[in-house]
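Okay, here's what each chain looks like letter by letter:
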Amino acid sequence: VLWVDVESRLNIFRLIVIGFAGYPSGRELYQYVSDENCSTFGSQAWILAAILLTEICIIVKFGRSLFHNSWDNYFPPSIRIPWIIGVTAWLLFLIFYKFEKKDYLGKAAKKGKVSRIKDD
């Protein structure tokens with residue numbers, strides 16, 4: 001989109017930086033989803049989300065001439081619809097899992113089915 005060759009060292013450096021930033025971001029996302037005491041995303045997850053959103057905005061703004069054909073040529077319905085369903089199902093799972101998990105663990109702990117380990 002910004003006319004940088006695929007073989008350029010800039011692309012390799014960019015992928016390495018985003019790859020290494022993905023490790024702490026993934027950990028913070030996992031902690032947010034699985035830890036009942038965690039109520040917010042970590043800073044690394046927010047930074048990576050901002051970087052990815054910025055890249056998407058740049059691609060949409062400056063890449064329209066690259067995608068001069070219809071989106072149906074690039075993403076036919078047989079590919080687009082399963083991806084939309086999969087991403088929507090994944091997002092709904094994350095949202096419901098985060099809010100339902102607290103209630104389930106609370107009820108299960110009261111019944112004695114789950115033992116909670118406390119840090120001393």
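The coordinates are above.
Rules and cut-offs
Residues numbered from 1 in each chain as written. Predicted model: local features only at pLDDT ≥ 70, side-chain atom pairs only at ≥ 80, totals over all residues. Heavy atoms only, no water. Helix = DSSP H or I, 4+ residues; strand = E, 2+ residues; numbered from the N terminus. Buried < 20%, exposed > 50% of the residue type's maximum accessible area, 1.4 Å probe, protein only. Contact = heavy atoms within 4.5 Å. Areas by Shrake-Rupley, 256 points an atom, 1.4 Å probe, with all protein chains shown as cover. Expected span 1.5 Å × (residues − 1). Bend = angle between axes of the 7 residues up to and from the residue. Polar contact = N/O pair within 3.5 Å; in protein donor to acceptor, adjacent residues only side chain to side chain. Salt bridge = Lys/Arg side-chain N within 4 Å of Asp/Glu carboxyl O. Phe/Tyr/Trp six-rings, centres within 6.5 Å; stacked < 30°, edge-to-face > 60°. Axes fitted to C-alpha atoms, helices over the stretch in contact; angles between N-to-C directions. Parallel < 35°, antiparallel > 145°, perpendicular 65-115°, else oblique. Left-handed = near helix turned anticlockwise from the far one by under 90°. Nonpolar A, V, L, I, M, F, W, Y, C, P; charged D, E, K, R; others polar. Patch = residues over 30% accessible without salt bridge, like charges linked within 9 Å, V, L, I, M, F, W, Y side chains within 5 Å.

J.: Sorry, what's going on with the overall build of the protein here?
T.: Summing up its helical and strand segments, the protein has 4 helices and 0 strands in all. Ordered by position from the N terminus, the helices and strands of the protein form the series α-α-α-α. Taken across its 120 residues, the protein has 12% of its residues classed as buried. Look at the contacts in the protein between residues 6 or more apart in sequence, and 50% of them connect residues 24 or more apart. Split by element, the accessible area of the protein, about 10400 Å² in all, is 67% carbon and sulfur.

J.: Would you mind showing me how to read helix α1 (residues 9–34) here?
T.: One turn of the α-helix equals 3.6 residues, which is why residues spaced by three or four share an orientation. In a regular helix each residue adds 1.5 Å, so 26 residues correspond to 38 Å; α1 covers 37 Å between its end C-alpha atoms and thus fits that length. Helix geometry: α1 is bent most strongly at Gly22, by close to 30°, with proline Pro24 lying one to four residues after it. Those residues of α1 that sit buried are Asn11, Ala21, Ser25, Glu28 and Val33. N-capping of α1 is provided by Ser8, with a side-chain oxygen placed 3.1 Å from the backbone N of Leu10.

J.: Where do I start with the pattern of salt bridges in this structure?
T.: Pairing is possible between side chains of opposite charge, provided their charged atoms come close. The final tally for this structure, using the stated rule, is 1 salt bridge. Between Glu55 and Arg14 there is a salt bridge, and its shortest N-O distance comes to 3.1 Å. With Glu55 in helix α2 (residues 43–62) and Arg14 in helix α1, this pair connects stretches of sequence that are 41 residues apart. Taking the relative accessible area as the measure of exposure, Glu55 reaches 22% and is therefore partly exposed.

J.: In this structure, what is going on with the packing of aromatic side chains? I would like to understand it.
T.: The description of an aromatic ring pair rests on the distance of the ring centres and on the angle between the ring planes. According to the stated counting rule, one finds 3 aromatic pairs in the structure shown. Considering the side-chain rings of Phe20 and Tyr23, the 6.3 Å spacing of their centres and the 50° angle between planes classify their relative orientation as tilted. With Phe20 and Tyr23 both in helix α1, this residue pair falls 3 residues apart, about one helical turn. The exposure classification of Phe20 matches that of Tyr23, with both residues exposed. Ring geometry for Tyr32 against Phe41: centres 4.7 Å apart, planes inclined by 45°, an arrangement best described as tilted. On the accessibility criterion, Phe41 (30% relative accessible area) is partly exposed.

J.: Explain the packing of α1 against α2 to me, please; I cannot follow it from the model alone.
T.: A pair of packed helices is captured by two measures, namely the crossing angle of their axes and the spacing between those axes. Orientation of α1 relative to α2, taken along the N-to-C sense of each, is 135°, at an axis distance of 8 Å. It follows that α1 is oblique to α2 by the angle criterion. α2 is crossed by α1, and the crossing has left-handed handedness. Side by side, α1 and α2 meet where Arg14, Ile18, Ala21, Gly22, Pro24, Ser25 and Glu28 of the first sit next to Ser43, Gln44, Ala45, Leu48, Ile51 and Glu55 of the second. Grouping the amino acids of the contact of α1 with α2 by side-chain chemistry returns 6 nonpolar, 4 polar and 3 charged.

J.: I keep staring at a nonpolar patch on the surface and nothing clicks. Help me out?
T.: Taken together, the side chains of Leu29, Phe41, Trp46, Tyr74, Phe75, Ile79, Trp83, Val87, Trp90 and Leu91 present a nonpolar region at the surface, about 1000 Å² in accessible area. By residue number, the principal contributor to the nonpolar patch is helix α4 (residues 77–110), which donates 5 residues. On the secondary structure map, Leu91 appears in helix α4. Judged by its relative accessible area of 41%, Leu91 falls in the partly exposed class.

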